[in-house]
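Listed here are the chains, written in short residue letters.
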Amino acid sequence: MSSNNQILLTSVGSYLPKKKISNDNLAKIMDTSDEWIKKRTGIKFRHFVEDNELTSDMGTNAAEQAILNARLKANDIDLIIVATTTPDNTFPSTASKIQRNIGCKAISFDVQAVCAGFVYAISIGASMLKDGYGDKCLIVGADSMSKILDWNDRSTAVLFGDGAGAVILEKTTAVNEFVHNDKWGILATKIFTNGEYYDLLNTDGGVSKSKSTGFLRMNGKEIFKHAVEKLSSSLLMCLEVSNMDIRDIDWFIPHQANQRIIDAVSNKIKIPQEKIISTISIHGNTSAASIPLALDVATKKGNIKNGNILALQAIGGGLSWGSLILKIGKPS
Ligand code: ACO
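Definitions and limits used
Residues numbered from 1 in each chain as written. Predicted model: local features only at pLDDT ≥ 70, side-chain atom pairs only at ≥ 80, totals over all residues. Heavy atoms only, no water. Phe/Tyr/Trp six-rings, centres within 6.5 Å; stacked < 30°, edge-to-face > 60°. Helix = DSSP H or I, 4+ residues; strand = E, 2+ residues; numbered from the N terminus. Buried < 20%, exposed > 50% of the residue type's maximum accessible area, 1.4 Å probe, protein only. Lys NZ or Arg CZ within 6 Å of the ring centre and 35° of its normal. Polar contact = N/O pair within 3.5 Å; in protein donor to acceptor, adjacent residues only side chain to side chain. Contact = heavy atoms within 4.5 Å. Pairing = 2+ DSSP bridges. Axes fitted to C-alpha atoms, helices over the stretch in contact; angles between N-to-C directions. 1 Å grid on protein atoms, 1.4 Å probe; cavity = no way out; pocket = protein on both sides within 12 Å on 5 of 7 lines; lining within 4 Å. Points joined across faces, edges and corners; volume = space filled by probe spheres on them. Nonpolar A, V, L, I, M, F, W, Y, C, P; charged D, E, K, R; others polar. Arc of directions from axis to C-beta. Core = buried A, V, L, I, M, F, W, Y, C linked by side-chain atoms within 4.5 Å. Domains from an automatic or database assignment.

Let us look at the packing of aromatic side chains. Tallying each qualifying case throughout the model produces two aromatic pairs. A ring pair is formed by F192 and W321, whose centres lie 5.5 Å apart and whose planes are at 20°; its orientation type is stacked. Taken together, the residues F192 in strand β8 (residues 185-193) and W321 in strand β13 (residues 320-327) connect sequence positions 129 residues apart. Using a relative accessible area of 25% as the deciding quantity, one classes F192 as partly exposed. Sitting above the plane of the F45 ring, K20 keeps its charged end 4.2 Å from the centroid.

As structure tokens, this is what we get:
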């Protein structure tokens, strides 16, 4: 990225549906146990939407919080990108619904990169702001995964949850004018796709295939291996691009899919445990919402502070994956 026009991440918000589901609740409707789920995944709870609660409702709540925290008004937003796998309707985009709900006229569209969607959306939003599509971009990650789960498939139904998170990206040219060589905002992004692995994680239906949404299907063991390798390699690439060492990162916010994946990646590339933000136990895998939900929890706890260096990483169906490094907030 050039030295001016830096893209700052200035605000975060999130939303969880009220309905909280424990592993024991699931054990009442399928052949599973709290012990199995905790041991294999680290998950204790997840939240599910009600039948009449939409992905856009969750996304709107998260977006309004992020806009408020940034001390902006909806009309200030030039661009809305929503990462989701579970849109309200086949079309129009969930982003255009959220645009209507919050009340603005920003360019609005969805990104489909499943669990990697939030990292993709930030990469796209940052590039578009730099290309002149405005000064302020709202990024939302929102998913109602409970609506595409097969309750007869215990190997997938216990893994996922619903939720939404949002961040604001702001373009600024001011930073370098008063802090020479001190770069803020998005410092490096690397995103990838390999369609060879299309069948490892997908739905068994879709609009053009079956005129239905289908249910989520996954080869868990294969995904596990790809996740460890690809999350590690993409983060190492980002470190190289940003000329940083793993020790320069203050906080790691990995996609919250499975605690064992998080542990394996951190062992592989030597991330200290105390720098890892993990909310898998309370959220489950919320797909595109997982990173911004974890970011918001850690920000509200006061762990993440203005000027901290964060590393974000995610992988999902496609396979699609990526990492990014950023310095959060803005110079005071
Ligand atoms: N409760 C109880 N037993 C179960 C359950 C369950 N919910 N699910 C599967 N089992 C049983 C299996 O039937 C099998 O029984 P068997 O030995 O009698 O055949 C046994 O548990 C072991 O099953 P495995 O599939 O071998 O279990 P594994 O240790 O691989 O764990 C898991 C499964 C958790 C899905 C693991 O493969 C994994 O973490 N994969 C990574 C993928 C992931 O996390 N995906 C999330 C979404 S994708 C993404 O976001 C990137």
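What follows is about the side chain of S14. Counting through the fold element by element, S14 comes out in strand β1 (residues 6-15). For S14, a relative accessible area of 13% gives the class buried. Side chain to side chain, S14 and D296 meet in a polar contact 2.7 Å long. Excluding anything up to four places from it in sequence, S14 contacts A62, Q65, A164, G165, L293, D296 and K300.

Turning our attention to the sheet that holds strand β6 (residues 136-144). One open sheet accounts for five strands, arranged β1-β7-β6-β4-β5; its pairing is mixed. Both edges of this open sheet fall to β1 and β5 (107-111), since each of them pairs with a single strand only. Ignoring strand direction, the axes of neighbouring strands in this sheet form an average angle of 20°. Relative to β5, strand β4 (residues 79-83) runs parallel, the two being bridged by five bridges. Looking across to β5, one finds that I81 is bridged to F109. Against the sheet, helix α3 (residues 55-69) engages β1, β6 and β7 (162-172), with an angle of about 125° to β1. Each of β1 and β7 is contacted by helix α12 (residues 290-300), which is oriented at about 90° to β1, the strand it contacts most.

Moving on, we get to the layout of surface pockets. Of the pockets and cavities examined, the second largest pocket occupies roughly 320 Å³. Along its surface, the second largest pocket is lined by 17 residues, and T10, S11, V12, N69 and G329 are the ones closest to its centre. The element contributing the most residues to the lining of the second largest pocket is β1, with four residues. Each residue belonging to the lining of the second largest pocket can be placed in one class, and the counts come to five nonpolar, six polar and six charged.

Residues of helix α10 (residues 259-269) that are buried: I261, I262, V265, S266 and I269. Considered in projection along α10, the buried side chains sweep an arc of 130° and stay on one side of the axis. Considering only its buried residues, α10 is in contact with α9 (220-241), β11 (251-254) and β12 (309-316). Between a side-chain oxygen at the N-terminus of α10 and the backbone nitrogen of R260 the separation is 2.7 Å; the capping residue is N258. Once α10 ends, the next one or two residues include K270, with phi positive near 60°.

Right, let's get into the nonpolar core. Ranked by internal contacts, the top residues of the largest apolar core, which has 42 residues, are L216, L235, I249, F252, I261, I271 and I325. Elements that contribute at least two residues to this core include exactly β8, α9, α10, β12 and β13. A total of seven residues in this core trace back to one element, the largest contributor, which is α9. Counting contributing residues per domain, this core is built from domain 1 (3-177) and domain 2 (188-327), each supplying no fewer than three. Counting residues in each nonpolar core, the second largest holds 37 residues, with C137, W251, I277 and A294 among its members.

Shape descriptors only; they carry no functional weight alone.
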